[in-house]
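Letter by letter, the chains look like this.
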Amino acid sequence: MTKSTTPTYFIDSNAPSVIDFVEKILNGDGGSDRENAVALYYAVRDGFPYNPYRFTLEKPCYKASFIIEAGEGFCIQKAILLAAAARTAGIPAGLGFGNVINHLATEQLKQLMGTNLFVFHGYTALYIDKQWVKATPAFNRAMCDKFDTRPLEFDGRSDSVFHPYDNKGNKHMEYVHDYGMFDDFPYDLMVRELKKHYPSWFAA
């Protein structure tokens, strides 16, 4: 993955709404890349509630500017928004994806999906202080409090991708496959993987 700050179709960091969002969060303070990345992480994590039912195959719904307008999103959408915000702030950013087993998925969600395997769980890769670090802004604090699990914190220095246990010590998120990191959202790859792992969705 390149150290890109260039806008793309999905990571549309040049969109006016994305620029306005970043300016409001950073407020022209002129902080370091690490400080700015941390501020943007928490703004995306807690300012855009996690909603897995936002899932769609409509391409425009994965643009960062759309996600700002929606005001909420699921893991891929929120990772895209954080990547776009970082690029707007001049921080090289990309996207990463993995398959995870969610041991604490609700019965409603497991019945809808037919499994507790979440395919193509998204995170953001940020280039800070000459190294890539991973950050997962998906699960907002209010949601974590509701399900008695710990929200992921991010300090800009180390990876923040694992939810191994909830507050009671029960297993939570377990990564079982890593697709690697990308300069833009690999939409076609996502669709192929979804068809492979959730054939009943597409049969219906």
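These figures come from a predicted structure and were not determined experimentally. (Residues numbered from 1 in each chain as written. Predicted model: local features only at pLDDT ≥ 70, side-chain atom pairs only at ≥ 80, totals over all residues. Heavy atoms only, no water.)

A look at the environment of Gly96
Looking at the element boundaries, Gly96 is found in strand β1 (residues 93-102). C-alpha of Gly96 to C-alpha of Arg34: the two residues are 62 residues apart in sequence and 19 Å apart in space. Those residues in contact with Gly96 that lie beyond four places of it in its chain are His121, Gly122, Tyr123, Gly180 and Met181. (Helix = DSSP H or I, 4+ residues; strand = E, 2+ residues; numbered from the N terminus. Contact = heavy atoms within 4.5 Å.)

Side note on the pairing of β1
For β1, the buried fraction is high: nine of the 10 residues fall into the buried class. Summarising the sheet, β1 and strand β2 (residues 117-128) pair through eight bridges and their orientation is antiparallel. Along β2, the bridge assignment pairs Ala93 with Leu126. Relative to strand β4 (residues 173-182), β1 runs antiparallel, the two sharing eight bridges. Residue pairing in the sheet places Val100 in a bridge with Tyr175 of β4. (Buried < 20%, exposed > 50% of the residue type's maximum accessible area, 1.4 Å probe, protein only. Pairing = 2+ DSSP bridges.)

Quick word on the pattern of salt bridges
Scanning all chains against the criterion turns up six salt bridges. Note that Arg45 and Glu153 form a salt bridge whose closest N and O atoms lie 3.3 Å from each other. Here the residue Arg45 occupies a position in helix α2 (residues 33-47), and Glu153 occupies one in the loop between α6 (141-146) and β4, the gap between them amounting to 108 residues. Residue Arg45 is classed as buried on the basis of its relative accessible area of 1%. Under the relative-accessibility criterion, Glu153 is labelled partly exposed at 41%. For Arg54, the salt bridge identified is with Glu72, shortest N-O distance 3.1 Å. Pair noted here: Arg54 is in the loop between α2 and α3 (64-70) and Glu72 is in the loop between α3 and α4 (75-88), with a separation of 18 residues, a long-range link. (Salt bridge = Lys/Arg side-chain N within 4 Å of Asp/Glu carboxyl O.)

Considering the state of the cysteines
In a disulfide, the sulfur atoms of two cysteines are covalently bonded to one another. Scanning all chains against the criterion turns up zero disulfides. Considering cysteine sulfurs only, Cys144 is the nearest to Cys75, which forms no disulfide, with 13 Å between them. Its relative accessible area of 0% is what places Cys144 among the buried residues. (Disulfide = S-S within 2.5 Å.)

So, α2
For α2, spanning 15 residues, the distance from its first C-alpha to its last is 20 Å, which sits close to the expected 21 Å at 1.5 Å a residue. For α2, the complete set of buried residues consists of Asn36, Ala37, Val38, Leu40, Tyr41, Ala43, Val44 and Arg45. On its buried face, α2 sits against α1 (16-26), α4, β2, β3 (131-135) and α6. (Expected span 1.5 Å × (residues − 1).)

Let's talk about the packing of aromatic side chains
With the rule as written, the count across this model stands at 16 aromatic pairs. Seen from their ring centres, Phe97 and Phe120 are 4.5 Å apart, and the 20° between their planes marks the pair as stacked. With a gap of 23 residues between them, Phe97 in strand β1 and Phe120 in strand β2 connect regions that are remote in the sequence. Its relative accessible area of 1% is what places Phe120 among the buried residues. Sitting over the ring of Tyr9, Lys63 keeps its end group 4.1 Å from the ring centre. (Phe/Tyr/Trp six-rings, centres within 6.5 Å; stacked < 30°, edge-to-face > 60°. Lys NZ or Arg CZ within 6 Å of the ring centre and 35° of its normal.)

A closer look at the sheet that holds β3
Strand order in the open sheet formed by four strands is β3-β2-β1-β4, with antiparallel pairing between adjacent strands. For this open sheet the edge positions go to β3 and β4, each flanked by a neighbour on one side alone. In this sheet, adjacent strand axes meet at a mean angle of 30° when their direction is disregarded. In the sheet, β2 pairs with β3 via five bridges, with the strands oriented antiparallel. (Axes fitted to C-alpha atoms, helices over the stretch in contact; angles between N-to-C directions.)

Comments concerning α4
Between its first and last C-alpha, α4 extends 20 Å over 14 residues, near the 20 Å set by a 1.5 Å rise per residue. Across the 14 residues of α4, 13 count as buried, placing the element largely inside the fold.

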